[in-house]
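Structure at a glance
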Amino acid sequence: MKTAYWKRLILWGLLCTPWLSAATDENPPPGKVAAKPLYRDPVYDGAADPVVIWNRHEKKWFMFYTNRRANVPGLDGVTWVHGTPIGIAESSDGGATWTYRGTADIGYGGKDYTYWAPEVIEHDGTYHMFLTIVPGIFADWQHPRDIIHLTSADLLKWKYESTLKLSSDRVIDPCVLRKTDGTWRLWYNNERDRKSIYYADSPDLFTWTDRGKVTGVGERPGEGPYVFRWQGKYWMLVDVWKGLGVYSSDDLTNWTVQPDNLLATPGHGPEDGANGGHPGVVVSGDRAYCFYFLHPGRQGTIRPTDNGYEQRRSLIQVVELREADGRITCDRDQPTHILLASPDVK
C-alpha cells in the first residue's frame with residue numbers, strides 16, 4: 001500500500017470517531033458505518049455503474065455493476081471499457097460491507113460482447129434486467145449499442161427476452177420505475193442526440209413505446225439517469241461528468257433542475273478524491289442512499305497521455321442523501337451509517 005493511502009485511511013478513522021462515539025448516546029444512528037471505499041472488484045478493479053437489489057431467496061442484498069477491465073495491460077484506446085462482464089457483489093449486513101459473488105450469466109451475445117450499466121428490478125416474483133449491449137470489443141466509441149430485456153428467477157442466470165426499439169442505434173444506461181397507474185417508464189441516454197436523456201413507456205415491461213426527449217432534462221447532456229420516489233417527490237440523478245445533476249418532478253413528465261450538482265467536489269475520505277458518477281439509489285424507509293462510482297486516480301489535471309491502470313481503475317462508494325426545502329444534498333466526508341432494510345419485512 002502507498003503511504004498516501006494509509007494517511008487518508010488514518011484521517012478517515014479520525015473523522016469517524018465522533019460518529020462512532022455518538023452511537024453510544026441515547027439516540028444512536030441506525031446501521032453500521034459503511035466501508036470506505038465501499039467496494040473494489042477483485043478481478044479487474046473496474047467496478048462502475050452500480051445498482052442494488054434485494055435477493056428474496058438468499059435474504060441478502062446484491063449489487064450489479066459494470067466491470068471495466070482496468071488492470072488488463074496492453075489494451076489500446078477504450079478497449080478496456082469493452083468486453084466487460086456484469087459483476088455481482090453481495091451484502092449480509094444491510095449494505096455496510098460487500099464481497100464479490102461472481103458475474104451474471106447473461107443469455108445473450110458471444111464471448112467478445114460488451115455489457116454495460118445494468119438496471120435490475122423485481123416484479124411479481126420475477127427479476128428483470130435492462131442492459132446495454134455492444135456487439136464486440138472496440139478501441140473507440142463509434143459503434144452501435146442497444147438496450148436488451150432479460151428475466152431471471154434467481155438473479156444469477158438471465159434469459160434474453162427482447163431488444164428494445166428505441167430512438168436510435170446508440171442507446172445506453174437504462175433505468176426503470178413503476179408509475180402509480182401500474183404501467184412502467186424507462187429512461188435512457190440517446191447518444192445520437194448530444195447524449196440527451198429520453199424515455200419510453202410500457203404496460204407490462206415487455207412492450208415499449210418510445211416517447212422522445214425528457215422535458216426539462218433532455219436539453220442537458222448526461223448519462224446514467226436514475227429515478228426514484230422519496231419525500232413526496234420523484235427525483236432523477238444524472239451523471240453530468242462534473243458530479244450528479246439533480247432534477248425533481250411531481251408527475252414523472254415535467255422536471256425541474258436543481259442549481260447545484262451532487263458529488264461535484266472531491267471528497268477527503270479514502271479513495272474518494274474525485275467527482276462521483278453514474279448513481280444507483282436505494283430508498284429504505286424514510287432514508288435514501290446513493291451508490292456511486294469514481295476513478296480515484298483521476299485527481300487534479302489529467303493529461304491525454306494519463307491512461308494507465310491508476311487512471312482506469314474505479315470503485316464504488318455510498319453516501320446518504322438529505323432533503324430539505326425541495327433540495328437534495330449529501331456530505332461524502334461524513335461517515336455513512338447504512339441499514340438497508342429487507343423489503344420482506346413490512
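Residues numbered from 1 in each chain as written. Predicted model: local features only at pLDDT ≥ 70, side-chain atom pairs only at ≥ 80, totals over all residues. Heavy atoms only, no water.

It is worth spelling out the nonpolar core at this point. Of all hydrophobic cores here, the largest spans 52 residues; its most connected members are F64, W158, W187, M236 and W255. Here the element with the most residues in this core is strand β16 (residues 233-239); it accounts for 5 residues. If near-sequence neighbours (up to four positions away) are discounted, M236 is found in contact with W187, I197, V214, V217, P225, Y226, V227, G245, V246, Y247 and W255. Counting residues in each nonpolar core, the second largest holds 21 residues, with A34, L38, Y39 and W98 among its members. (Core = buried A, V, L, I, M, F, W, Y, C linked by side-chain atoms within 4.5 Å. Buried < 20%, exposed > 50% of the residue type's maximum accessible area, 1.4 Å probe, protein only. Helix = DSSP H or I, 4+ residues; strand = E, 2+ residues; numbered from the N terminus. Contact = heavy atoms within 4.5 Å.)

Mapped onto the elements, S314 comes out in the loop between α2 (309-312) and β21 (315-324). Dropping the residues within four chain positions of it, S314 is found in contact with D45, G46, A47, A48, F293, L294, H295 and P296.

Before going further, it helps to spend a moment on the pairing of β21. Most of β21 is tucked away, with 7 of its 10 residues classed as buried. In terms of strand pairing, strand β20 (residues 287-294) meets β21 through 7 bridges, oriented antiparallel. Paired with Y292 across the bridge in β21 is Q317. Where β21 lies against strand β22 (residues 327-330), 4 bridges are found, and the strand directions are antiparallel. Opposite L321, over in β22, you have C330 as the bridge partner. The hairpin turn running from β21 into β22, its antiparallel successor, is 2 residues long, and D325 in that turn takes a positive phi close to 55°. (Pairing = 2+ DSSP bridges.)

Following the sequence through the fold, D272 ends up in the loop between β18 (256-257) and β19 (277-284). Look past the residues within four positions of D272 in its chain and what remains in contact with it is K36, P266, G267, Y292, L294, Q317 and R332.

Turning to the sheet that holds strand β3 (residues 60-67), a few remarks are in order. Strand order across the open sheet formed by 4 strands is β2-β3-β4-β5, with antiparallel pairing between neighbours. Sheet topology places β2 (47-55) and β5 (99-103) at the edges, where each strand pairs with a single neighbour. The average angle at which neighbouring strand axes cross in this sheet is 30°, direction not considered. The pairing of β2 with β3 spans 7 bridges and is antiparallel. Each bridged residue has a counterpart across the sheet, and for W54 the counterpart in β3 is W61. (Axes fitted to C-alpha atoms, helices over the stretch in contact; angles between N-to-C directions.)

On to the packing of aromatic side chains, then. Taken as a whole, this structure holds 11 aromatic pairs when the rule is applied. An angle of 55° between the planes, with centres 6.3 Å apart, marks the rings of F62 and F64 as tilted. Here the two residues F62 and F64 agree in accessibility, since each one is buried. Members of the aromatic cluster, joined through ring pairs, are F62, F64 and W158. The cationic tip of R229 hangs over the ring face of Y234; the distance from NZ or CZ to the ring centre is 4.6 Å. (Phe/Tyr/Trp six-rings, centres within 6.5 Å; stacked < 30°, edge-to-face > 60°. Lys NZ or Arg CZ within 6 Å of the ring centre and 35° of its normal.)

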